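A look at the structure
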Amino acid sequence: MGHRTPLTALVLLTLIKAPLLAGSSAAATRILAGQLMTGEDTEVQSKVTLVVEGDQITAIEPGFNRGSNADEVIDLSTAFVTPGWIDMYVHIISQNSPGTQLERFTRDPIDNAYRSVQYAALTLETGVTTIRNLGSRDGLGLAIRDAIDAGHIRGPRIFAAGQSIATTDGHADPTNGRRRDLTIDAGPAMGVINGTDEARKAVRQRYKEGSDLIKITATGGVLSQARSGQNAQFTVEEVQEIVRTARDYGFRVAAHAHGTEGLLRAVEGGVDSIEHGTYMSDAVIRAMKQRGTWYVPTISAGRFVGEKAKIEGYFSDIVRPKAAAIGPQIQNTFARAYKAGVNIAFGTDCGVCPHGSNWQEFVFMVEAGMPIEEAIVAATRDAATLLGQSDRLGTLSVGKLADIVAVPSDPRQDVQVMGQVMFVMKNGKVEKRG
């Protein structure tokens, strides 16, 4: 027979618990927002109170309402408040420097893991409450995601792609740039495929590892040790098989792509988003609009590598001309894509550019012709849509997670204030209060 609690013990427990339950309703947090963009559209409201209970927004009230004496009040009555920003392209495990190529041989994975703790905290304090980590080796992107979710370290919510998928000596081949005796045929387990069978296996391996999405390198890239930064590196059939298999596992597919032919193949193959898109032709734009493919521009990384290409020795001799040619083009491509009506989600490629500089993407988007209100929507509602997380992220709406950011004044008057984040809340917890 099972153990039974004596009746007297049950009565005693009831008497003890009753007062606790009667007073167990937690106090709310009330945020007094001087100006507020919910992210649902570009409208800016004045004098609004956000009510947060637990990790969710439970009410949005006109005027300033301090509630009961038990409620916590956060006074942002002179600030401009938005949803937490979502950066759709980050490499949270690394940060580019003149020694990056050599460090692949001199630093252990554990070194990168420890450094990434600082990068994650800095990213969160910049106002970015969610990121897509688009590619990392040694399982580190997945590990830091899990550590943040468990509350062991501070950082943004992470959707991690795990190891990127490339072709032999493609942009994400982990053996790229090694001397001959250290080069191996990496294979699908390490994210290198040739043909549709290996494409399926590589996607399934990412599922086994615990990835949240798939990232492919559809063309050459700037920082890989290869002559071309834009050559197509997958067949259409390979991309289609990656996408088809990804759908079986609930994955979305992001495609790094610079060159026109690789862009077309990626879009025709059915990827969900194009990252960088440097040499996006009119034909590519038409195809993206027809299929609803998203564009994640990463102007920040383009500007960064373009500037560093001017410095002797910052990049290797094979990387430097690619950086000089490709980097400065991305902002112009963004301007054309925006004017043409392509779906745009905010993304920086921080890790190439320094972590914590994510906010500068807003400045570059505005410089290229997008109003700041639309840039904020691209970094909130639209980014959540591309993530497939619109039900809980991206807008300040009742029932959604309380990810909230504030800057000290109206960015419509001066976009540079996006770099002066004074308040960050993630999941209802205050992460920064300036």
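Since the model is a prediction, treat every value here as computed from it, not as a measurement.

Examining the overall build of the protein
Each helix and strand counted, the protein has 14 helices and 15 strands in total. Expected size for 434 residues packed as a compact globule is a radius of gyration near 22 Å; at 24 Å, the protein falls within 12% of this value. Counting only C-alpha atoms, the protein reaches 75 × 70 × 40 Å along its principal axes. Residue pairs at least 24 apart in sequence account for 70% of intrachain contacts in the protein once pairs closer than 6 positions are excluded.

Description of the sheet that holds strand β11 (residues 294–296)
With parallel pairing, the five strands of this open sheet are ordered in space as β8-β9-β10-β11-β12. Each edge of the sheet is formed by a strand with only one pairing partner; in this case those strands are β8 (214–217) and β12 (343–344). Direction of pairing for strand β9 (residues 253–257) relative to strand β10 (residues 273–276): parallel, over a ladder of four bridges. What sits directly across from Ala255, in β10, is Ile274.

Remarks on the packing of helix α5 (residues 196–209) against helix α6 (residues 236–248)
Packing of α5 against α6 brings their axes to within 8 Å, and their N-to-C directions diverge by 35°. Considering the relative orientation of α5 and α6, their crossing is right-handed. Contacts between α5 and α6 pair Thr196, Ala199, Arg200, Val203 and Arg204 from the former with Glu237, Glu238, Glu241, Ile242, Thr245 and Ala246 from the latter. Considered class by class, the residues forming the contact of α5 with α6 number four nonpolar, two polar and five charged.

Looking at the sheet that holds strand β6 (residues 128–133)
Read from one edge of the open sheet, three strands run β5-β6-β7, paired in parallel fashion. Because the sheet does not close on itself, it has two edges, and the strands there are β5 (85–90) and β7 (157–160). Here the strands of the sheet are splayed against their neighbours by 20° on average, with no regard to which way each runs. In this sheet, β6 lies alongside β5 in parallel orientation, the contact comprising four bridges.

So, the packing of aromatic side chains
Taken as a whole, this structure holds eight aromatic pairs when the rule is applied. Seen from their ring centres, Tyr314 and Phe315 are 4.9 Å apart, and the 85° between their planes marks the pair as edge-to-face. Each of the two residues, Tyr314 as well as Phe315, counts as buried. In textbook terms, an aromatic cluster arises when at least three aromatic residues are bridged by ring pairs, as seen for Trp85, Phe346 and Phe362.

Some remarks on the pattern of salt bridges
Here the structure, examined in full by the defined rule, presents 21 salt bridges. With its nearest N and O atoms 2.9 Å apart, the salt bridge here joins Asp71 to Arg30. Here Arg30 lies in strand β1 (residues 29–36) and Asp71 lies in the loop between β3 (56–62) and β4 (72–83), a separation of 41 residues in the sequence. As far as the burial class goes, Asp71 and Arg30 line up, both buried. With a shortest N-O distance of 2.4 Å, Arg244 and Glu241 are connected by a salt bridge. Placement of the pair is Arg244 and Glu241 together in helix α6, with a separation of three residues, close to one helical turn. Given the relative accessible area of 45%, Arg244 is considered partly exposed. A residue is classified by how much of its surface remains accessible, and Glu241, at 10% relative accessible area, is buried.

A word on the nonpolar core
Core analysis: the biggest nonpolar cluster contains 74 residues, and Ile216 and Phe362 have the highest contact counts within it. Sort the elements by how many residues they give to this core and helix α13 (residues 372–378) lands first, with five residues.

Side note on empty space enclosed by the protein
A full pass over the atoms with the stated rule returns one cavity of 30 Å³ or more. Lining the largest cavity are Pro83, Gly84, Ile86, Thr129, Thr130, Leu393, Gly394 and Asp403. The residue inventory of the lining of the largest cavity, partitioned by class, reads three nonpolar, four polar and one charged.

Section: the side chain of Asn358
Looking at the element boundaries, Asn358 is found in the loop between β12 and α12 (360–367). Look past the residues within four positions of Asn358 in its chain and what remains in contact with it is Asp87, Val90, Thr123, Thr126, Val128, Phe346, Thr348 and Cys350.

Regarding the confidence of the model for the protein
Per-residue confidence for the protein gives a mean pLDDT of 90; residues scoring 70 or more make up 90%. Predicted confidence is poor over residues 1–24, with pLDDT under 50, and the contacts of this stretch with residues over four places away or in other chains come to one contact.

A few points about the packing of helix α9 (residues 299–308) against α12
Between α9 and α12, whose axes approach to 8 Å, the crossing angle comes to 90°. Taken together, the axes of α9 and α12 are roughly perpendicular relative to one another. Across the interface between the two elements, Ile299, Ser300 and Arg303 from α9 touch Gln360, Glu361, Phe364, Met365 and Glu367 from α12. Among the residues making up the contact of α9 with α12, the classes are represented as three nonpolar, two polar and three charged.

Some details on the environment of Met422
Along the chain, Met422 falls in the loop between β13 (404–407) and β14 (423–426). On a C-alpha basis, the gap between Met422 and Thr126 in space is 8.9 Å, while along the polypeptide they are 296 residues apart. Setting aside chain neighbours within four positions, we find Met422 in contact with Leu76, Ala79, Ala406, Val407, Pro408, Lys432, Arg433 and Gly434.

Things to note about the side chain of Glu361
Mapping Glu361 onto the fold places it in helix α12. Lacking a salt bridge, the buried Glu361 has Arg303 as its closest oppositely charged neighbour, with an N-O distance of 9.1 Å. When neighbours within four sequence positions are excluded, Glu361 is seen to be in contact with Pro297, Thr298, Ile299, Ser300, Phe346, Gly347 and Thr348.

Some words on α5
Counted at 1.5 Å a residue, the expected span for α5 with its 14 residues is 20 Å, and the 20 Å between its end C-alpha atoms agrees. Buried within α5 are the following residues: Ala199, Ala202, Val203, Gln205 and Arg206. Around the axis of α5, the buried residues are gathered within 155° of arc, so they sit on the same side. Opposite the buried face of α5, at more than 90 degrees from it, the exposed residues are Asp197 and Lys208. Contacts from the buried residues of α5 go to β8 and α6. Looking one or two residues past α5, Gly210 carries a phi angle of roughly 100°, positive in sign.

The rules we used
- Residues numbered from 1 in each chain as written.
- Predicted model: local features only at pLDDT ≥ 70, side-chain atom pairs only at ≥ 80, totals over all residues.
- Heavy atoms only, no water.
- Helix = DSSP H or I, 4+ residues; strand = E, 2+ residues; numbered from the N terminus.
- Rg over C-alpha atoms; globule rule 2.2 N^0.38 Å.
- Contact = heavy atoms within 4.5 Å.
- Pairing = 2+ DSSP bridges.
- Axes fitted to C-alpha atoms, helices over the stretch in contact; angles between N-to-C directions.
- Left-handed = near helix turned anticlockwise from the far one by under 90°.
- Nonpolar A, V, L, I, M, F, W, Y, C, P; charged D, E, K, R; others polar.
- Phe/Tyr/Trp six-rings, centres within 6.5 Å; stacked < 30°, edge-to-face > 60°.
- Buried < 20%, exposed > 50% of the residue type's maximum accessible area, 1.4 Å probe, protein only.
- Salt bridge = Lys/Arg side-chain N within 4 Å of Asp/Glu carboxyl O.
- Core = buried A, V, L, I, M, F, W, Y, C linked by side-chain atoms within 4.5 Å.
- 1 Å grid on protein atoms, 1.4 Å probe; cavity = no way out; pocket = protein on both sides within 12 Å on 5 of 7 lines; lining within 4 Å.
- Points joined across faces, edges and corners; volume = space filled by probe spheres on them.
- pLDDT = per-residue confidence, 0-100.
- Parallel < 35°, antiparallel > 145°, perpendicular 65-115°, else oblique.
- Lys, Arg positive; Asp, Glu negative; His and termini not counted.
- Expected span 1.5 Å × (residues − 1).
- Arc of directions from axis to C-beta.

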